[in-house]
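Each chain, written out:
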Amino acid sequence: MYKNYKLYFIILVVYDKLVKLEGFMESKNLLILLSDEHNKRMLGAVGHSHVRTPNLDKLASEGVLFENAYCNSPICVPSRAILATGRYNAEIGYWDNADPYDGKIPSWGHRAVESDCDAVSIGKLHFLDDQAPTGFSEQINPLNVVGGVGDLLGLIRQELPVRKGAANMAKDVGSGETTYSNYDKKIAEDASDWISNRNIDDKPWVLFVSFVCPHFPLIAPEEFYNMYPENEVPWPLLYKENQRSQHPYYLAMRKCMNYDDYFDEEKVRKATSAYFGLCSFLDHNIGKVLETLNKSAFSENTNIIYTSDHGDALGMRGMWGKSTMFEESAGIPMIIKGPDISKSKRIKTPVSLVDIFPTVIDSLKLEQNSKDNDLPGKSLIKISNENDDYERIVLSEYHAAASPVGAFMLRKGKYKYVYFAEGYNPQLFNLEEDPYEENDLARDNNFKKILESFHGDLLDICNPEEVNKRAKREQNEKILKHGGVDAIRERGDFGYSPAPGQKAEFD
C-alpha cells in the first residue's frame, strides 16, 4: 500500500513538472514596436494613395490588422503611462505632458521581471527619468521628459495660453537629417544588436523598441522626402475654413495651438511630403529590426506588435499634431503577428493600448497577479483568434495642453461618442457612413437614445465630471509647485522633447 502511495506521489510530481514545462514551451517572446504620432490612415496596408510602408504591409499580411484601434489619450506622456500600466487615465491620473509615468503603479515590465523574464526598452520612453522604477530590467538609450518635469505650459487650462512654439511647426519642414532621424537610426541599430547577441537559452523576454518618427519636426531624410514630390502629395482633408469643426472645444484648441496660422500652401506641401517621408523612414527602420529577428533563433517563437502612441492630424481640419478625439489623432495603427496568430486577417473589434498589458502576460504565459484582475484590457492574441466583437467599448480621454475641459471618447460598433465636461455639447458620429466625422449626430433628436446609452456606458467606467475636476485640481497644485502661472509662462514652450544628448530650446 505504501509503495502504491509513493508511486502515485511520484506520478503527480512528474505530471506537475510536465504541465509547467509545456506551459513554458508554449510561451512566446514579445517584440513591441512603437512609433510616435503615426496617423492610422497613412499606411499602405489600409490603402493609402501615396504612403509606402512595405515592411509594415508585409507584417499585416502575415498577421492581424486591427481596423479600429485607439490610443487612450492622444498625447505622448499620458498615452505611454497608460500603455505601461494597462489602466485608464481616469483611474491612474497621469494627465498631461508634465505628469510622466514614475513606476508607482505596476507596469507589464514589473510583472515580466517578477516572473524571471527580461523586459528591455530601447528608445523613447517619455517617463519621469532614467532612474524611475518603471519595470524594465534594462533601458537602452532612453528619451524621457525634459528635466524630469516636462511641458509645464500644458498645465494652464483656465485661460489657455497661445503656444509661442507653434510657429516652429511650419518653420521646420522639408528634407534633411534631424536629431530625431539620427536617434531612430541608432534605435534600429541597438535593437538589431540586442536580438543578434541574445542567446536562445536566455530568459524569455519582452523587447520594447520605441521610435520617435514620424513625430515632428516635419523634416525627413532626403532619400525618403524625395519619394513624395511636393506637387503630387494630396491636400489635407477638410482644410478650408468652412469645413473645420466649429465646436467651441476645438475652436479654443486651435486658438491655443495655432500651428496653422504659420502655414501657407508651400509649407503645407513640404510638411505633407516630409510626414509621408518620415512614415517610410520609420518603416525602413522597422524593416531592419524585423529582418534581424527573422534571421535569428527567435523567429519561430516571438510575437510581434506594431502600434503608435497616437496619431497626427497633418493639417486635416486646419489642425496639426495630436490632442483631438478625431480618428486622425485618437486612432492608431495596430498589427500583431505570431506563430499562433491568423494570417492576413482584419479585425473589427475595437482595441486600444490598454490591451498591451494583458498581451504581455499572455505571450510570456505569466501567472496573472491578482492585483491585475480589474484591468480593462484583453490580450490581443486572444482577440485576434476570436470572432469580431464589434460592440466592445474602448475609452480615450484628454486633459492636457490646449483643452479647456476634459474630453472623453467611447468607440462601440459603428458609433463614436465624445463627451466634454462642464456643459460643452457632446458629439456623435457614425463612422461607417461618415468616416471623416463631418456630420455630428448629437443635435439630431433621432439619436437621443443612443446618446443616453453611450453616456450610461461612460458612467460605468468613470464619472467624467469628477475626473475633470480632479485633473484640474491636481494640475493647479502642480502649477503652484512650479512657481505659478506667470513663472510657467516665462519658462515658455520647447515644442518637443530633445533626443538624448540634446538640450531643449524654449520659446
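Figured I'd write up the structure that's included with this text. Predicted, not measured: the structure shown is a model, and the values here were computed from it.

Examining helix α3 (residues 76-85)
Each turn of an α-helix holds 3.6 residues, which means side chains three or four residues apart point in the same direction.
Here comes step 1: Burial within α3 is extensive, with 10 of its 10 residues counted as buried.
Here comes step 2: Among all positions in α3, only C76, V77, P78, S79, R80, A81, I82, L83, A84 and T85 are buried.
Here comes step 3: Where α3 is buried, its residues contact β1 (29-35), α4 (89-92), α5 (108-114), β4 (118-124), β7 (205-210) and α12 (356-364).
Here comes step 4: The first or second residue beyond α3 is G86, which carries a positive phi of 70°.

Some words on empty space enclosed by the protein
Here comes step 1: Applying the stated criterion across every chain yields a total of 2 cavities of 30 Å³ or more.
Here comes step 2: Roughly 400 Å³ of internal volume is contained in the largest cavity.
Here comes step 3: Along its surface, the largest cavity is lined by 33 residues, and F216, Y259, K322, G495 and Y496 are the ones closest to its centre.
Here comes step 4: A class-by-class count of the residues in the lining of the largest cavity yields 17 nonpolar, 10 polar and 6 charged.
Here comes step 5: As for the second largest cavity, its lining consists of L34, R80, L83, A84, S107, W108, G109, L125, F127, T134, F136 and F208.
Here comes step 6: Every element with two or more residues in the lining of the second largest cavity is listed here: α3 and α5.
Here comes step 7: In terms of residues, the lining of the second largest cavity owes the most to one element, α3, which gives 3 residues.

As for the packing of helix α7 (residues 179-197) against helix α10 (residues 265-295)
Here comes step 1: Closest axis-to-axis distance for the α7/α10 pair is 8 Å, and the angle between their directions is 10°. Comparing the axis directions of α7 and α10 gives the class roughly parallel. The segment α7 lies against α10, with S181, D184, K185, A188, A191, S192, I195 and S196 engaging F281, N285, K288, V289, T292 and L293.
Here comes step 2: Each residue belonging to the contact of α7 with α10 can be placed in one class, and the counts come to 6 nonpolar, 5 polar and 3 charged.

Let's talk about the state of the cysteines
Here comes step 1: The tally for this structure, following the rule as stated, stands at 0 disulfides.
Here comes step 2: Of all cysteine sulfurs in the structure, the one in C213 sits closest to C279, which takes part in no disulfide; the separation is 9.3 Å.
Here comes step 3: Summary of cysteine pairing: C462 is not part of a disulfide, and the nearest cysteine sulfur, belonging to C71, is at 16 Å.
Here comes step 4: Residue classification places C462 among the buried residues on the basis of a relative accessible area of 8%.

Quick notes on the side chain of D372
Here comes step 1: Considering the arrangement of structural elements, one finds D372 in the loop between α12 and α13 (380-384).
Here comes step 2: Excluding residues that lie within four positions of it along the chain, D372 makes contacts with R87, R111 and F357.

Overview of the pairing of β4
Here comes step 1: Extensive coverage of β4 is indicated by the burial of 7 of its 7 residues.
Here comes step 2: Note: β4 against β7, 6 bridges, orientation parallel. When the sheet's bridge partners are listed, D118 is paired in β7 with W205.

Some remarks on helix α2 (residues 54-61)
Here comes step 1: Among all positions of α2, only L56, L59 and A60 are buried. Across the axial projection of α2, the buried residues extend over an arc of 100°, all falling on one side.
Here comes step 2: Turning to α2, the residues buried within the fold contact β2 (64-66), α10, β9 (302-308) and β10 (334-337).

Section: the layout of surface pockets
Here comes step 1: Volume-wise, the largest pocket comes out at about 770 Å³.
Here comes step 2: Residue lining of the largest pocket: 35 residues in total, with N39, K40, R41, V46 and Y436 positioned closest to the centre.
Here comes step 3: Going through the elements one at a time, β2, α10 and α11 (327-330) are the ones with two or more residues in the lining of the largest pocket.
Here comes step 4: Residues that form the lining of the largest pocket fall into these classes: 20 nonpolar, 6 polar and 9 charged.

What to know about the side chain of R163
Here comes step 1: Structurally, R163 can be placed in the loop between β5 (138-143) and α6 (167-171).
Here comes step 2: Within the structure, R163 has its side chain in polar contact with the side chain of D493 (distance 3.1 Å).

Description of the sheet that holds β2
Here comes step 1: Pairing is mixed across the open sheet formed by 8 strands, whose spatial order is β5-β4-β7-β1-β9-β10-β2-β11. With partners counted over all chains shown, the strands left at the sheet margins are β5 and β11 (345-347), one partner each. On average, adjacent strands in this sheet sit at an angle of 15° to one another, irrespective of strand direction.
Here comes step 2: Running at roughly 170° to β1, α10 makes contact with β1, β7, β9 and β10 of the sheet.
Here comes step 3: Running over the sheet, α12 touches β1, β7, β9 and β10 and is turned about 155° from β1.

Overview of the environment of A402
Here comes step 1: Within the secondary structure, A402 is located in the loop between β13 (394-398) and β14 (407-412).
Here comes step 2: Taking the C-alpha atoms as reference points, A402 and R157, separated by 245 residues in sequence, lie 6.8 Å from one another.
Here comes step 3: For A402, the contacting residues outside a window of four places in its chain are L160, A252, M253, C256 and M257.

A word on the environment of H284
Here comes step 1: Turning to its location among the elements, H284 is positioned in helix α10.
Here comes step 2: A relative accessible area of 33% means that H284 is categorised as partly exposed.
Here comes step 3: Contacts of H284, omitting those with residues within four sequence positions, involve N55 and F224.

Analysis parameters
- Residues numbered from 1 in each chain as written.
- Predicted model: local features only at pLDDT ≥ 70, side-chain atom pairs only at ≥ 80, totals over all residues.
- Heavy atoms only, no water.
- Buried < 20%, exposed > 50% of the residue type's maximum accessible area, 1.4 Å probe, protein only.
- Helix = DSSP H or I, 4+ residues; strand = E, 2+ residues; numbered from the N terminus.
- Contact = heavy atoms within 4.5 Å.
- 1 Å grid on protein atoms, 1.4 Å probe; cavity = no way out; pocket = protein on both sides within 12 Å on 5 of 7 lines; lining within 4 Å.
- Points joined across faces, edges and corners; volume = space filled by probe spheres on them.
- Nonpolar A, V, L, I, M, F, W, Y, C, P; charged D, E, K, R; others polar.
- Axes fitted to C-alpha atoms, helices over the stretch in contact; angles between N-to-C directions.
- Parallel < 35°, antiparallel > 145°, perpendicular 65-115°, else oblique.
- Disulfide = S-S within 2.5 Å.
- Pairing = 2+ DSSP bridges.
- Arc of directions from axis to C-beta.
- Polar contact = N/O pair within 3.5 Å; in protein donor to acceptor, adjacent residues only side chain to side chain.

All quantities given are derived from atomic positions and should not be read as evidence of function.
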